[in-house]
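One letter stands for each residue in the lines below.
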Amino acid sequence: MSKEIYENPDLKKERQNCPFNKEEITHLLDGGKEKTIERKQLENYILSDEQLKDAVPMEYLSHADKYAEELRKACLLMHKLADSPAGQVPTLRALMGAGLGSAVLKEGNPLALHYVMFIPALMGQGTIDQQAKWLEKAYNLNMIGTYAQTELGHGTFLRGLETRATYDPKTQEFILESPSLTAYKWWPGSLGKTANYAVVMAQLYTKGKCEGTHPFMVQLRDEETHEPLPGIVNMWLNPVCISSYIHYGTYVKPTNSKLSYATMVFVRVVVCQDVTTNLRKAVTIATRYSCVRRQSELKPGDREPQVMDYQAQQNKLLPPLAATFAFQLAADHLWNLYHTANNNIEQGDLELLPDLHGLSCALKALCSSEAANFVEVCRQSCGGHGYMSCSNFPRIYGQVTAAETYEGENTVLWLQVARYLVKTRKEQSGGLSVKYLIGEEKGPKTVDTTLEGIVKLYRRAAVGLVDVAIAELDKSGRKGEAPHDAWNHAAVYLIKAAQAHARLFVVESFVDSLKEGKLSAPVRTVLSQLCELFIIYWLLERSGDFFLCSNLTKQDLLLLNSKYVELLAAIRPQAVNLVDSFDLRDEVLNSPLGCWDGNVYQRLFDEAAKSPLNQSNVHESFHKYLKPLLKSNL
Ligand SMILES: CC(C)(COP(=O)(O)OP(=O)(O)OC[C@H]1O[C@@H](n2cnc3c(N)ncnc32)[C@H](O)[C@@H]1OP(=O)(O)O)[C@@H](O)C(=O)NCCC(=O)NCCSC(=O)/C=C/CC(=O)O
Ligand SMILES: Cc1cc2nc3c(=O)[nH]c(=O)nc-3n(C[C@H](O)[C@H](O)[C@H](O)COP(=O)(O)OP(=O)(O)OC[C@H]3O[C@@H](n4cnc5c(N)ncnc54)[C@H](O)[C@@H]3O)c2cc1C
């Protein structure tokens with residue numbers, strides 16, 4: 001007789017009478033039914049391999065053992081690539097992201113940078129000949145690369161990087177050197193023990209002149225022994241400049257000096273999707289747990305309620321649930337812009353480059369910072385059990401907060417966005433995503449709290465905050481401040497304007513996607529409720545921006561608050577069905593709190609039993625340290 005599959009009765013009840021087709025949302029998030037089938041096949045192919053399972057929880061291994069175990073599995077995954085049912089590129093994309101990949105490589109993928117940055121740098125910046133020489137070698141894993149840009153002394157200010165590459169016309173070689181301790185490459189993933197090549201960003205010097213940062217291919221280690229090459233500390237190696245800017249000893253300026261930054265733009269676009277996947281994991285764990293957990297007393301004398309029935313818990317979890325859809329749809333729009341811009345750039349048309357830079361900075365900063373805040377709220381919403389390592393919240397939080405720093409520290413990226421907004425507003429010319437800054441906002445200033453009316457408020461705030469920042473810059477200019485001082489003294493206003501621009505893009509993406517999307521009525525209803533909840537949530541959180549830039553009144557705000565709590569109650573019954581639609585397997589969630597069957601307490605107990613400390617009643621340290629203390633009569 002088949003073993004009865006346990007399902008927590010509360011979760012079972014949550015799943016009854018779902019008013020919409022969960023698979024329709026799964027297909028929407030995957031990019032279509034075929035993509036869902038492909039993803040599930042790939043997940044089965046990878047997760048059914050016993051050799052990819054951890055014998056002991058990673059948290060109980062030493063640093064070196066963790067590295068070795070992750071490298072073992074990463075190499076096994078690469079061997080499995082050839083036979084993957086989904087093909088190499090979709091498989092690699094799945095294995096490098098926060099979904100399937102993190103289910104196997106919980107501490108991180110030692111080969112990630114090879115695929116996420118090293119190969120994209122070759123593809124985006126190498127000449128045809130260089131690509132012919134290295135790409136096949138890289139794809140065949142006959143070399144393992146990383147992207148070495150950040151130094152001990154510099155990560156943000158690329159024009160301040162100290163690593164030098166001096167061109168010697170006599171030998172037609174580049175001499176790479178780290179002139180100081182602060183010039184040492186620091187942070188690049190895989191650089192320490194795994195990679196034997198690197199794309200090294202260095203200041204190019206030729207004929208005594210610095211031509212700025214450029215990418216160089218550098219071999220780090222012997223391909224047979226893996227020993228660092230001689231002089232690797234003071235790199236005097238035979239690097240090759242990746243790009244085609246040196247012609248017979250003469251430097252030829254690229255069409256745009258920032259094309260050497262292109263790899264970072266690509267990864268910023270990918271980061272938006274990655275942090276959204278991590279947020280989906282956190283929301284699923286917290287939502288299912290909040291429907292299993294019963295605590296306290298809502299109605300005197302009644303049974304302890306599911307904590308999800310507290311409005312306070314709904315206020316914690318439903319905005320992040322809505323955010324997962326908002327960020328996914330915005331990231332999809334950005335991905336499409338990236339492809340269009342990249343195809344144009346390959347034809348020499350750089351017109352969309354500023355727009356792509358502005359939007360990729362804006363969304364990477366917004367999605368990573370908002371996701372980090374939301375993941376922490378999800379962790380807190382699970383009480384003590386949310387704090388346990390096995391809940392997976394600490395690891396998810398670590399991954400999302402890292403994204404606030406790498407690929408461009410968020411503050412620095414916000415200021416890049418502000419630079420683009422101010423320039424567009426002043427010059428009255430700009431790209432696709434900033435058209436609203438050109439000309440004056442038309443239409444009545446009165447506020448209506450319909451979905452369209454709220455979007456108009458976001459646009460008013462975005463324009464208004466740019467104008468406030470420009471007024472600050474002009475005020476400083478009139479006081480005789482130099483432009484760089486005026487810019488620094490307006491930073492708070494500039495960052496607010498940049499954030500309002502990013503929020504407007506996300507809000508319009510969400511609303512437009514629902515308008516354009518071929519959705520069934522029940523799915524449209526629930527996603528429209530999430531959309532309205534999210535845009536009102538953000539408006540309430542940032543109401544100061546809207547008061548400053550529109551005719552929003554206290555009455556309007558009270559009305560929006562009421563609408564917000566009504567939407568919490570309306571969405572509450574579908575919370576579990578919505579996270580089920582994400583179709584995240586237990587292995588991907590990797591958390592006893594979020595498992596599909598809701599068997600939380602037994603799984604928590606089983607996880608605790610795996611601790612080495614629970615393998616004996618009395619740990620040996622008692623006899624060494626505690627017993628002598630107890631006997632010492634201090
Ligand atoms: C902060 C940056 C962008 C400043 O660069 P800088 O050269 O100083 O430029 P300016 O601020 O003076 O702006 C000049 C001009 O160039 C435009 N611009 C800047 N960047 C780009 C770009 N990427 N694409 C297109 N255009 C760009 C800018 O808009 C200005 O245009 P104007 O028309 O207004 O003149 C730079 O220092 C920077 O990017 N810093 C961040 C460094 C970074 O991201 N590091 C990541 C290292 S790799 C990593 O972290 C890996 C992580 C592991 C993993 O992902 O797994
Ligand atoms: C997990 C992780 C993985 C990484 N992987 C890689 C990798 O593989 N390869 C690689 O090359 N690098 C990597 N990095 C490094 C990363 O790219 C840098 O840490 C990042 O770019 C930030 O630069 P920084 O560390 O110099 O910070 P800093 O810029 O020194 O930041 C310190 C403070 O200064 C502020 N600040 C700096 N400039 C300005 C400004 N102009 N205006 C206002 N405030 C400013 C920042 O906002 C911040 O608050 C990684 C980092 C992390 C955390």
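Here the structure is a predicted model, which is why all the values come from computation and not from measurement.

J.: Looking at this model, I keep getting lost on the pairing of strand 2 (residues 164-168). Mind explaining?
T.: Side chains on a regular strand alternate between the two faces of the sheet. Bridging between strand 2 and strand 3 (residues 173-177) involves 5 bridges; their strand directions are antiparallel. Bridge pairing in strand 3 places Y167 opposite F174. Between strand 2 and strand 3, which pair antiparallel one after the other, the connecting turn spans 4 residues, and Q172 there sits at a positive phi close to 50°. Pairing of strand 2 with strand 4 (residues 197-206) involves 3 bridges; the strand directions are parallel. Bridge pairing in strand 4 places A165 opposite L204.

J.: Is there a simple way to explain the layout of surface pockets in this structure?
T.: It is a probe the size of a water molecule, rolled over the atoms, that shows where empty space is left. The space that makes up the second largest pocket amounts to roughly 690 Å³. As for the second largest pocket, its lining consists of 27 residues, and the residues nearest its centre are K106, E587, N590, E607 and K610. Of all the elements, helix 22 (residues 600-609) adds the most residues to the lining of the second largest pocket, at 3 residues. Tallied by class, the residues present in the lining of the second largest pocket amount to 12 nonpolar, 3 polar and 12 charged.

J.: What should I look at first to understand the site of ligand 2 in this one?
T.: The full set close to ligand 2 counts 18 residues, and T150, G155, T156, G189 and E409 are the nearest of them. For ligand 2, an oxygen atom lies 2.9 Å from a polar atom in the backbone of G155. Contact between ligand 2 and T156: an oxygen atom at 2.5 Å from a side-chain N or O atom of the residue. The dominant element in the shell around ligand 2, judged by the number of residues it contributes, is helix 13 (residues 410-427), at 3 residues. Its residues placed into classes, the shell around ligand 2 shows 8 nonpolar, 8 polar and 2 charged.

J.: Just to check I follow, could you spell out the site of ligand 1 for this structure?
T.: Not every one of the 23 residues close to ligand 1 is listed here, only the nearest: T156, K258, Y261, R419 and K423. Measuring from an oxygen atom of ligand 1, one finds a side-chain N or O atom of R159 at 2.8 Å. At a separation of 2.8 Å, an oxygen atom of ligand 1 approaches a polar side-chain atom of E407. Here ligand 1, which alone exposes 1100 Å², has 81% of that area covered by the protein. Partitioned by chemical class, the residues of the shell around ligand 1 number 10 nonpolar, 7 polar and 6 charged.

J.: I tried to follow the packing of helix 14 (residues 451-478) against helix 16 (residues 491-516) on my own but got confused; where do I start?
T.: A packed helix pair is summarised by two numbers, namely the angle formed by the two axes and the spacing between the axes. The N-to-C vectors of helix 14 and helix 16 enclose an angle of 160°; their axes lie 9 Å apart at closest approach. By the angle class used here, helix 14 and helix 16 are roughly antiparallel. Seen along the crossing, helix 14 lies across helix 16 with a hand that is left-handed. Residues belonging to the contact of helix 14 with helix 16 are distributed by class as follows: 17 nonpolar, 1 polar and 7 charged.

J.: What exactly am I supposed to notice about the UniProt feature "domain: Acyl-CoA oxidase C-alpha1" (unreviewed entry) in the protein chain here?
T.: UniProt tags residues 261-422 as "domain: Acyl-CoA oxidase C-alpha1" (unreviewed entry). This span, residues 261-422, is 73% helix and 0% strand, and a straight line between its end C-alpha atoms measures 22 Å.

J.: Mind showing me how you'd approach helix 11 (residues 353-380) here?
T.: Since one α-helical turn is 3.6 residues long, residues separated by three or four positions face the same way. In this model, helix 11 (28 residues) spans 40 Å end to end at C-alpha, consistent with the 40 Å of a helix rising 1.5 Å per residue. Of all 28 residues making up helix 11, 22 are buried, and the element is well covered by its neighbours.

J.: Sorry, what's going on with empty space enclosed by the protein here?
T.: Enumeration according to the criterion identifies 2 cavities of 30 Å³ or more in this entry. Here the largest cavity defines a volume of roughly 60 Å³. If you trace the largest cavity, you find it lined by Y458, A461, A462, L465, Q499, A500, R503, R542, D545 and F546. With 4 residues, helix 14 is the single largest residue contributor to the lining of the largest cavity. Considered class by class, the residues forming the lining of the largest cavity number 6 nonpolar, 1 polar and 3 charged. Taken together, S102, K106, K281, N392, R395, I396, Q399, V588 and N590 make up the full set of residues lining the second largest cavity. Ranked by residues supplied to the lining of the second largest cavity, first place goes to helix 12 (residues 393-402) with 3 residues. In the lining of the second largest cavity, the residues fall into 2 nonpolar, 4 polar and 3 charged.

J.: Hey, could you run me through the UniProt feature "active site" (unreviewed entry) in the protein chain in this one?
T.: Sites flagged by UniProt as "active site" (unreviewed entry) map to E407. Here E407 lies in the loop between helix 12 and helix 13. With sequence-adjacent residues up to four places away left out, E407 is seen in contact with M117, M264, V267, R268, V271, K364 and L413.

J.: Where do I start with the pattern of salt bridges in this structure?
T.: Scanning the entire structure with this criterion turns up 37 salt bridges. Of the charged contacts, one joins E151 and K185 as a salt bridge, the two residues approaching to 3.0 Å between their closest N and O atoms. Separated by 34 residues along the polypeptide, E151 in the loop between strand 1 (145-148) and strand 2 and K185 in the loop between strand 3 and strand 4 bring together distant segments of the chain. Here the two residues E151 and K185 agree in accessibility, since each one is buried. Put simply, D545 and R542 hold a salt bridge, and the shortest N to O gap is 3.5 Å.

J.: Would you explain the packing of aromatic side chains in this entry?
T.: How two aromatic rings sit relative to each other is given by the distance of their centres and the angle of their planes. In total, this model carries 13 aromatic pairs according to the counting rule given. Ring plane angle 50° and centroid distance 6.2 Å describe the contact between F266 and W335, whose orientation is recorded as tilted. Placement of the pair is F266 in helix 9 (residues 262-292) and W335 in helix 10 (residues 311-346), with a sequence separation of 69 residues. Judged by its relative accessible area of 18%, W335 is buried. Ring centres 5.7 Å apart and planes at 20° place the aromatic pair W335 and Y338 in the stacked group. Residue W335 and its partner Y338 are located together in helix 10, separated by 3 residues, close to a single helical turn. Through pairs of rings, three or more aromatic residues link up here, namely F327, F374, F534, Y537, W538 and Y564.

Rules used throughout
- Residues numbered from 1 in each chain as written.
- Chains lettered and ligands numbered in written order.
- Predicted model: local features only at pLDDT ≥ 70, side-chain atom pairs only at ≥ 80, totals over all residues.
- Heavy atoms only, no water.
- Pairing = 2+ DSSP bridges.
- Helix = DSSP H or I, 4+ residues; strand = E, 2+ residues; numbered from the N terminus.
- 1 Å grid on protein atoms, 1.4 Å probe; cavity = no way out; pocket = protein on both sides within 12 Å on 5 of 7 lines; lining within 4 Å.
- Points joined across faces, edges and corners; volume = space filled by probe spheres on them.
- Nonpolar A, V, L, I, M, F, W, Y, C, P; charged D, E, K, R; others polar.
- Near = heavy atom within 4 Å.
- Polar contact = N/O pair within 3.5 Å; in protein donor to acceptor, adjacent residues only side chain to side chain.
- Areas by Shrake-Rupley, 256 points an atom, 1.4 Å probe, with all protein chains shown as cover.
- Axes fitted to C-alpha atoms, helices over the stretch in contact; angles between N-to-C directions.
- Parallel < 35°, antiparallel > 145°, perpendicular 65-115°, else oblique.
- Left-handed = near helix turned anticlockwise from the far one by under 90°.
- UniProt positions renumbered as here; feature names shortened; annotations may be inferred.
- Expected span 1.5 Å × (residues − 1).
- Buried < 20%, exposed > 50% of the residue type's maximum accessible area, 1.4 Å probe, protein only.
- Contact = heavy atoms within 4.5 Å.
- Salt bridge = Lys/Arg side-chain N within 4 Å of Asp/Glu carboxyl O.
- Phe/Tyr/Trp six-rings, centres within 6.5 Å; stacked < 30°, edge-to-face > 60°.

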